[in-house]
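Residue strings, one per chain:
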Amino acid sequence: MSGKRCNSDEDTMNGESSKRKKSIRIWVDGCFDMVHFGHANALRQAKQMGDYLVVGVHSDEEIMKHKGPPVFSQEERYKMVRAIKWVDEVVENVPYVTTLETLDTYNCDFCVHGDDITTTSDGTDTYHLVKAAERYKECKRTVGISTTDLVGRMLVVTKSHHERDETKGPNKNDLKEVGLSQDGRSPYTGTKQFVPTTKRIAQFSEGHEPKPNDKIVYVAGAFDLFHVGHLDFLEKASQYGDYLIVGIHSDPVVNRYKGSNYPIMNLHERVLSVLTNKYVSEVIIGAPYTVTMQMINDFKIDAVCHGMTPILPDVDGSDPYEIPKEIGIFHRIDSSNDLTSDMIVQRIIRNKFLFEERNKKKEAKEVYIENMIRKQ
Ligand code: CTP
Ligand code: C5P
């Protein structure tokens, strides 16, 4: 190992401090574009390898140089990573190749990365230096979720949307087109699709009950393509109480009010995305669209919040927040952020050709990684 290691817990001024358990600091870096639960799962595993997790995020310029345009800006990506509950600290604008100097500057013992290979634009392994110094560990990459796959879904959505407008055929609302395929493979990358399990949900879940005097806040929505707008909203909603419950609408419910091929991420993927957020205490999987008195009583809800996005009526034309409004516990929140899932899809469509090119390259990589993992 090279470089000066300066972990304060390790410093031995006297005999007693040398007995203190040394705190292990972990370094993870990456692009974290369109941050998804695959990224969060890597951070969760990394955090389990030590005590304090420092995450380095690359700038837009650095990503552009090595793999093409990111979908989320660096400011959005920094903020998204900061809000993941296993992250203790974020370092902005870190170099693409991880150096020992970087690890030493942030007092990190070693670096963690998923079991795939990341290369610079000239094909160099970005972790060759930390690997050679034996300050590198691997965590398991989460199969079935990647930025590439999400971009693929959005590019396909665009085409399907145009076709549907023209044909208005019987399959107009056929969710199977974006759901699990018969062979369990993604139609966008050809790799295995994500399979939701209770184990994964348990790993992501906070798992603690509200305390007797906790004020319970409830919000509901699609939370599709979990983004900074959601994040700003959840942060503000959490300030209305002590325990935040997020109700996530099922795929058919979201499809009813959003149409086309929405949601882009299915229910379980959206559940995991929301569970990574540090303000969220609990999630209701497939929440009813209308907030009923029974729900309010069962979950002991003290406040119900919705952002400034339109409140669409339920199937029968009624206001889904009629009851919380009547009993005076409804609050409209201004997240001061106008980003929506539709706008993210629009970003992809605007740069369709660039992303199609990028995806072609990345799809080949995804298949390669999967084959490599299978052989191990
Ligand atoms: N990661 C993971 N599982 C995934 C996706 C990413 O464990 N499904 C891990 C990567 O291995 C890495 C970290 O998340 O340790 C940050 O990943 P990033 O640099 O953003 O790369 P990818 O997500 O692999 O980017 P892309 O999909 O654009 O290739
Ligand atoms: O649109 P979706 O159902 O995912 O939104 C979930 C919640 O987040 C809603 O209350 C919505 O108003 C809020 N939101 C927000 N600011 C944004 C995006 C969503 O307050 N930019």
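By the naming in an unreviewed UniProt entry, the chain goes by ethanolamine-phosphate cytidylyltransferase and is assigned to Paralvinella palmiformis. Taken verbatim from the UniProt record of the chain, the Sequence similarities (unreviewed entry) comment is "Belongs to the cytidylyltransferase family."

> Please clarify how the pairing of strand E1 (residues 25–30) should be interpreted in this entry.
Both faces of the sheet carry side chains from a regular strand, because those side chains alternate between them. Most of E1 is tucked away, with six of its six residues classed as buried. Residues Arg-25, Trp-27 and Asp-29 line one face of E1 and the alternating positions Ile-26, Val-28 and Gly-30 line the opposite face, and both faces are buried. Sheet analysis places E1 next to strand E2 (residues 52–57), joined by six bridges and oriented parallel. The residue of E2 that forms the bridge with Gly-30 is Val-57. As a crossover connection, the stretch from E1 through helix H2 (residues 37–48) into E2 is right-handed. Bridging between E1 and strand E4 (residues 110–114) involves two bridges; their strand directions are parallel. Directly across from Ile-26, in E4, lies its bridge partner Phe-110.

> Would you mind showing me how to read the environment of Asp-342 here?
Within the secondary structure, Asp-342 sits in helix H14 (residues 341–350). For Asp-342, a relative accessible area of 33% gives the class partly exposed. When the C-alpha atoms of Asp-342 and Lys-258 are compared, they prove to be 9.7 Å apart, with 84 residues separating the residues in sequence.

> Whenever I open this one, the pattern of salt bridges confuses me. Can you help?
Pairing between side chains of opposite charge can happen when the charged atoms of each approach one another. Following the criterion strictly, the structure yields 18 salt bridges and no others. Arg-141 is the partner of Asp-116 in a salt bridge, and the nearest nitrogen-oxygen pair spans 2.7 Å. Here the residue Asp-116 occupies a position in the loop between E4 and helix H6 (128–132), and Arg-141 occupies one in the loop between strand E5 (136–139) and helix H7 (147–167), the gap between them amounting to 25 residues. Taking the relative accessible area as the measure of exposure, Asp-116 reaches 7% and is therefore buried.

> Could you clarify how one ought to interpret the layout of surface pockets in this entry?
Where empty space is left in the structure can be found by rolling a water-sized probe over the atoms. Reported here for the second largest pocket is a volume of approximately 720 Å³. If you trace the second largest pocket, you find 31 residues lining it, with His-230, His-306, Thr-309, Pro-310 and Thr-340 closest to the centre. Listing elements by their share of the lining of the second largest pocket, those giving two or more residues are strand E6 (216–221), helix H9 (228–238), helix H10 (251–258) and H14. Looking at the lining of the second largest pocket element by element, the count peaks at three residues for H9. Of the residues belonging to the lining of the second largest pocket, the class tally is 13 nonpolar, 13 polar and five charged.

> Mind showing me how you'd approach the site of ligand 2 here?
His-230, Thr-309, Ser-335, Asn-337 and Leu-339 are the nearest of the 15 residues found near ligand 2. A distance of 2.4 Å is found between an oxygen atom of ligand 2 and a side-chain nitrogen or oxygen belonging to Thr-309. Within the complex, the protein chains bury 89% of what would otherwise be the 460 Å² of accessible surface of ligand 2. Because more than half of its atoms lie within 2 Å of the grid, ligand 2 is assigned to the second largest pocket. Per element, the largest residue contribution to the shell around ligand 2 is three residues, and it comes from H9. Classifying every residue of the shell around ligand 2 gives five nonpolar, nine polar and one charged.

> How do you make sense of the side chain of His-249 when you look at a structure like this?
Among the structural elements, His-249 can be located in the loop between strand E7 (243–248) and H10. Classification of His-249 by relative accessible area gives buried; the value is 4%. When neighbours within four sequence positions are excluded, His-249 is seen to be in contact with Ala-220, Gly-221, Ala-222, Val-254, Tyr-257, Leu-267, Arg-270, Gly-286, Ala-287, Pro-288 and Tyr-289.

> Help me out: how do you make sense of helix H3 (residues 60–67) in this one?
Think of an α-helix as 3.6 residues a turn; residues three or four steps apart then line up on the same face. Of the positions making up H3, those classed as buried are Glu-62, Ile-63 and His-66. For H3, the angular spread of buried residues about the axis comes to 95°, placing them on one side. In H3, the exposed positions angled more than 90 degrees off the buried face are occupied by Glu-61 and Lys-65. Close packing links the buried residues of H3 with helix H4 (74–82).

> How should unusual backbone geometry be read in this particular structure?
Most of the time, phi is negative for any residue but glycine, and the peptide bond is trans. A cis amide bond links Tyr-262 to the next residue, Pro-263, at an omega of -5°. Tracing the backbone through its elements, the reader meets Pro-263 in the loop between H10 and helix H11 (267–275). Its identity as a non-glycine residue notwithstanding, Phe-32 has a phi of 55°, on the positive side. On the secondary structure map, Phe-32 appears in the loop between E1 and H2. The exposure class assigned to Phe-32 is buried, which follows from its relative accessible area of 6%.

Each value, and the rule that gives it
Residues numbered from 1 in each chain as written. Chains lettered and ligands numbered in written order. Predicted model: local features only at pLDDT ≥ 70, side-chain atom pairs only at ≥ 80, totals over all residues. Heavy atoms only, no water. UniProt positions renumbered as here; feature names shortened; annotations may be inferred. Buried < 20%, exposed > 50% of the residue type's maximum accessible area, 1.4 Å probe, protein only. Helix = DSSP H or I, 4+ residues; strand = E, 2+ residues; numbered from the N terminus. Pairing = 2+ DSSP bridges. Right-handed = clockwise from strand over helix to strand, strands pointing away. Salt bridge = Lys/Arg side-chain N within 4 Å of Asp/Glu carboxyl O. 1 Å grid on protein atoms, 1.4 Å probe; cavity = no way out; pocket = protein on both sides within 12 Å on 5 of 7 lines; lining within 4 Å. Points joined across faces, edges and corners; volume = space filled by probe spheres on them. Nonpolar A, V, L, I, M, F, W, Y, C, P; charged D, E, K, R; others polar. Near = heavy atom within 4 Å. Polar contact = N/O pair within 3.5 Å; in protein donor to acceptor, adjacent residues only side chain to side chain. Areas by Shrake-Rupley, 256 points an atom, 1.4 Å probe, with all protein chains shown as cover. Sits in = over half its atoms within 2 Å of the grid points. Contact = heavy atoms within 4.5 Å. Arc of directions from axis to C-beta.

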